[in-house]
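Residues per chain, in single letters:
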Amino acid sequence: MTVSTPKFPHILHGGDYNPEQWRDYPDILDKDIELFKKANINCVSLGIFSWAALEPEKDKFCFEWLDEVIEKLYANGIYVNLATPSGARPQWLAQEYPEVLRVGQNGIRNFFGHRHNHCYTSPAYRERVRIINTKLAERYASNPAIILWHISNEFGGECHCELCQEKFREWLKEKYGSLDNLNHAWWSHFWSHTYTDWSQLHSPSYMGETSIHGLDIDWRRFVTDRTIDFMKAEISAVKSVDPDIPVTANLMGIYAYELNYFKLGRELDVVSWDSYPDWHNPNVSDFITARNESLSHDMMRSIKKQPFLLMECTPSTTNWRSVSKLKKPNMHELSVINAIAHGSDSGMYFQLRQSRGSAEKFHSAVISHTGTDNTRVFREVSKTGADLQNLSKTVYGSSFPAEAAIIFDTENKWALDKIQGPRNAGLDYFGLIQNCYDYFFRNGINVDILDCDSEFSGYKLIIAPMLYMFRGGIQEKLRSFVSEGGTLISTAFTGVVNDTDLCFLGEATKEKLSDVFGMWVEEIDGLHDGQKNSLNFNGKEFDLHDICEIIHTAKGHQLAKYQCDYYKGTPAMTENHFGKGWAFHICSIPDTALLNEIIGERDVELQLERSISTPLPDGVTANYRVNGERIIVFLQNFNSFPITMELDGVYTDILSEKAMCGITLDGYGFAVIEKKI
Ligand code: GLA
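These lines cover the structure that appears in this document, whether it is placed above or below. What you see is a predicted model; the values in this text were computed from it and never measured. All residue numbers refer to positions counted from 1 along the written sequence of the respective chain. Predicted model: local features are reported for residues with pLDDT of at least 70 only, side-chain atom pairs are reported and counted for 80 or more only, and whole-chain, interface and lining totals are derived from all residues. In computing side-chain properties, one takes all heavy atoms of the structure into account and sets aside hydrogens as well as water.

1. So, the overall build of the protein chain
For step 1, the next point in the chain: In terms of helices and strands, the protein chain carries 17 helices and 24 strands.
For step 2, the next point in the chain: Principal-axis analysis of the C-alpha atoms places the extent of the protein chain at approximately 75 × 70 × 40 Å.
For step 3, the next point in the chain: Counting every position in the protein chain, which comprises 677 residues, the buried fraction comes to 61%.
For step 4, the next point in the chain: Should any heavy atoms of two residues lie within 4.5 Å, those residues are considered in contact. The long-range fraction of contacts in the protein chain, counting pairs at least 24 apart against all pairs at least 6 apart in sequence, stands at 73%.
For step 5, the next point in the chain: For every accessible area listed, the method is Shrake-Rupley and the probe measures 1.4 Å; residues are considered covered only by the protein chains on display. Looking at the protein chain as shown, the accessible area adds up to about 25900 Å², and 50% of this sits on carbon and sulfur atoms.
For step 6, the next point in the chain: One way to put it: in the protein chain the 66 positive side-chain charges average out to a point 3 Å from where the 90 negative ones average out. Strands are runs of DSSP state E lasting at least 2 residues, helices are runs of H or I lasting at least 4, and numbering of each runs from the N terminus. For the exposure calls, accessible area comes from a 1.4 Å probe over protein chains only, and a residue counts as buried if that area is under 20% of its type's maximum, exposed if over 50%, partly exposed in between. Neither His nor the chain ends is counted toward charge; the positive residues are Lys and Arg and the negative residues Asp and Glu. The atoms used to mark charge sites are NZ of Lys, CZ of Arg, CG of Asp and CD of Glu.

So this is what it looks like as structure tokens:
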């Protein structure tokens, strides 16, 4: 059992609260606290954007209002997730130290405005953040209400100022040691871009260098490292006062990949993230939206292989999409339960009280502009809170076992974004990852999302779709995974370049894992939009698109052939027995149909653990967590209509405490059921 919040070991239900916006409305705090209690809120995230209220002038600190808020919350049984305010800086700070504002790729410094508009290198910014963080920690670390530090808010972005350029050069010197090494690693003799002096090194910019792909990837690595360095300085300020209060930072899921979250998240005690699925989009079914969101939940959990926290989700609607769609009745709780089902130990919101003005005034909140509990959203939130309280004893801290994993590597995504050829019209890495995930989602099989630096042992099946860049010794890890009996599936464009984007040389080489796959790639054909090739497998036809590899099988066995073009009849899918395991390779980009077929076959052989062995009706998902001797199964219905299904034994419904061997789930309904192992 992993405890994210030892001082309050319960499922957290609450969210971002911004009382600093309401200091001219003295009655509001007491009213809000009464409503929080009615809504079964037990934890509030405070101070995220409070810097101007906490330090209205340089070195003039004003904590009394926050003292009062924390004291009143705690007196009413509500705990606090206290933020460091570095996500947005006060006006005076930027006025006195203009260097704290970011510089863009064009070399121009931003004006004051927005949030996340600060340089992670600036000594002045770091110093002012250290001061305010230390003051906060000294004042509140021993406060019994404080259970977690919320470090900054959604770290992201980059700065191209001279201070950052200098740090980048130092980072490169340390990494490469000499310009010869760097020039080779980046292949910069190309177009005579050879570096002859360290001072010539500069971040990639649309106004300058974009053709050296190694530079681009290293810059992104540097930006992640800079952010981590900044974050660690923040963490050390709060931990220097009390090292025992855990720290988190709210990340943004798999699709926000500008930072390497695997690397950053491993520096935190607890990973948390902000989830805003686009429910009820007429172009995407809720089931598919749930699938794609669950993939992010799974990645967030897999970073540390321990429960994560859902730090934000909206009680109903966001305000930043092209259309702000309300969550239909029941969808709110279902969406929170989906996070819990995938390993979250909280259901927290942005925001508890709706702002009155400025950019987020139409983002929904637990307490709307009406200021009452007489809203559908409030009622649904209250019910969610009551249910989470009842689930907490069984679910909080429980583990999430998985026998299968999919590799999503952030640095690989960076590299794929930049490649020129074989298909600049688009190689949909995310789409392929989602399609690989589909089988597990539809069949109630737990799955982890790993990157190249993750631990691979303990899995039966690993899927490495379009893993173009092999880095971090992944070849050895995959080789021993397969040779020790694991099953590996890859697709086209896997194992093409090393960690600085240099192509592997030679025909069949160990660097490319040719021994493991029993094949090597001679050429890659790009397909236009709408153009397809196909293969026949198990008597069925499957489409292939985007790119087709023309390969040589050394000892690998051909499972299917291309059916079109001049390479018709050559291998389109292979298998190879290597050591005690098997490696499969799809030589093109498959649809879900082929992936589900080949993963399904492996599932039959490997007997992957299912959350429930009875078939899941369309639109229904299942996941399981384990707490000691108890298996906790989450059944979720992403259809708008009710579904009745059989269970594979007798379970107890944790909320109703009833024993059952069959169940009816409401439209957008769920059940959390348990049985003894
Ligand atoms: C993010 C931020 C919040 C808020 C919400 C709105 O997740 O962290 O401060 O802006 O988006 O959806």
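Back to the write-up after that little detour.
2. Observations concerning the sheet that holds strand E22 (residues 643-653)
For step 1, the next point in the chain: Two strands form a pair only when DSSP identifies at least two bridges running between them. On the basis of which strands lie adjacent, the open sheet formed by five strands has the order E20-E21-E24-E22-E23 and antiparallel pairing. Strands at the two margins of the open sheet, each flanked by one partner only, are strand E20 (620-627) and strand E23 (659-665). Recorded for the sheet is a direction-independent mean angle of 25° between the axes of neighbouring strands.
For step 2, the next point in the chain: The pairing of E20 with strand E21 (residues 630-637) spans eight bridges and is antiparallel. Paired with Thr-621 across the bridge in E21 is Gln-636.
For step 3, the next point in the chain: Across the sheet, helix H12 (residues 376-395) lies against E20, E21 and strand E24 (670-676), angled at about 145° from E21, the strand it touches most. Between N-to-C directions, angles cover 0 to 180 degrees, with each direction set by a line fitted to C-alpha atoms, over the stretch in contact for helices.

3. Re the packing of aromatic side chains
For step 1, the next point in the chain: Each aromatic pair joins two rings of Phe, Tyr and Trp (for Trp, the six-membered one) with centres within 6.5 Å, and gets the label stacked for planes under 30 degrees apart, edge-to-face for over 60, and tilted for any other angle. Applying the stated criterion to the full structure yields 33 aromatic pairs.
For step 2, the next point in the chain: Ring centres 5.6 Å apart and planes at 65° place the aromatic pair Tyr-257 and Phe-430 in the edge-to-face group. Of this pair, Tyr-257 sits in the loop between strand E5 (247-251) and helix H9 (261-265) while Phe-430 sits in helix H14 (residues 429-443); the two residues are 173 residues apart in sequence, bridging distant segments of the chain.
For step 3, the next point in the chain: Taken together, Trp-51, Tyr-120, Tyr-125, Phe-155 and Phe-230 form an aromatic cluster joined through their ring pairs.
For step 4, the next point in the chain: Criterion for a charge above a ring: Arg CZ or Lys NZ at most 6 Å from the ring centre, at most 35 degrees from the ring normal. Looking at Lys-477, its charged tip hangs above the ring of Phe-456, at a distance of 4.7 Å from the centre.

4. Here we look at the sheet that holds strand E17 (residues 571-578)
For step 1, the next point in the chain: In space, the seven strands of this open sheet follow the order E10-E9-E11-E12-E18-E17-E16, with mixed pairing throughout. Bordering the open sheet on either side are strand E10 (447-450) and strand E16 (557-561), each of which pairs with just one other strand. Averaged over all adjacent pairs, the angle separating strand axes in this sheet is 20°, with direction ignored.
For step 2, the next point in the chain: Alignment of E17 against strand E18 (residues 581-586), held across six bridges, turns out to be antiparallel. Looking across to E18, one finds that Glu-575 is bridged to Phe-584.
For step 3, the next point in the chain: Taken strand by strand, H14 contacts strand E9 (404-407), E10 and strand E11 (461-464), and its axis lies near 175° from that of E9.

5. Details of a nonpolar patch on the surface
For step 1, the next point in the chain: Residues enter patches when they are more than 30% accessible in relative terms and free of salt bridges; like-charged ones are connected within 9 Å and nonpolar ones (Val, Leu, Ile, Met, Phe, Trp, Tyr) within 5 Å. A pair is scored as a salt bridge if a Lys or Arg side-chain nitrogen falls within 4 Å of a carboxyl oxygen belonging to Asp or Glu. A surface patch of nonpolar side chains, amounting to about 410 Å² of accessible area, comprises Trp-187, Phe-190 and Trp-191.
For step 2, the next point in the chain: Locating Phe-190 in the fold gives a position in the loop between helix H7 (179-186) and helix H8 (213-239).

6. Re the side chain of Asp-546
For step 1, the next point in the chain: In this structure, Asp-546 sits in strand E15 (residues 540-553).
For step 2, the next point in the chain: Exposure remark for Asp-546: the relative accessible area of 14% places this residue in the buried category.
For step 3, the next point in the chain: Leave out the neighbours within four places in its chain, and Asp-546 touches Arg-423, Gly-426, Leu-427, Asp-428, Asp-525, Gly-526, Leu-527 and Ile-589.

7. Re the pairing of E20
For step 1, the next point in the chain: With eight of eight residues buried, E20 is to be regarded as a mostly interior element.
For step 2, the next point in the chain: Here E20 shows a buried face lined by Val-620, Ala-622, Tyr-624 and Val-626 and a second buried face lined by Thr-621, Asn-623, Arg-625 and Asn-627.

8. Let's talk about the nonpolar core
For step 1, the next point in the chain: Residues grouped as a nonpolar core are buried Ala, Val, Leu, Ile, Met, Phe, Trp, Tyr and Cys residues, joined through side-chain atoms within 4.5 Å. Counting 187 residues, the largest nonpolar core has Phe-36, Leu-46, Trp-186 and Phe-440 as the members making the most contacts within it.
For step 2, the next point in the chain: Among the nonpolar cores identified, the runner-up in size contains 18 residues, and Leu-616, Val-620, Leu-635 and Ile-673 belong to it.

9. Observations regarding helix H5 (residues 123-140)
For step 1, the next point in the chain: Expected span of a helix, by definition, is 1.5 Å for each gap between consecutive residues, and there is one gap fewer than residues. The first and last C-alpha atoms of H5 sit 25 Å apart over 18 residues, in line with the 26 Å expected at 1.5 Å per residue.
For step 2, the next point in the chain: Restricting attention to buried positions, one finds in H5 the residues Ala-124, Tyr-125, Arg-128, Val-129, Ile-131, Ile-132, Asn-133, Thr-134, Leu-136, Ala-137 and Tyr-140.
For step 3, the next point in the chain: Next to the buried residues of H5 lie helix H2 (51-54), helix H3 (64-75), strand E3 (79-83), helix H4 (91-96), strand E4 (146-150) and H8.

10. Some remarks on the site of the ligand
For step 1, the next point in the chain: In these notes, residues near a molecule or strand are those with any non-hydrogen atom within 4 Å of it. For the ligand, the full set of nearby residues is Phe-49, Arg-115, Asn-153, Glu-154, Asp-274, Tyr-276, Glu-312, Trp-320, Phe-350, Glu-360 and His-363.
For step 2, the next point in the chain: As used in this structure description, the phrase polar contact means that two N or O atoms lie within 3.5 Å; if the pair is within protein, one of them must be able to donate a hydrogen and the other to accept it, and residues adjacent in sequence are counted only when both atoms belong to side chains. Contact between the ligand and Arg-115: an oxygen atom at 2.7 Å from a side-chain N or O atom of the residue.
For step 3, the next point in the chain: If the ligand stood free it would expose 310 Å²; the protein chains cover 95% of that surface.

11. Quick word on the side chain of Gln-636
For step 1, the next point in the chain: Topologically, Gln-636 is positioned in strand E21.
For step 2, the next point in the chain: In this structure Gln-636 comes out as buried when scored by relative accessible area, which is 0%.
For step 3, the next point in the chain: A polar contact of 3.1 Å, which involves the side chain of Gln-636, links it to the side chain of Asn-338.

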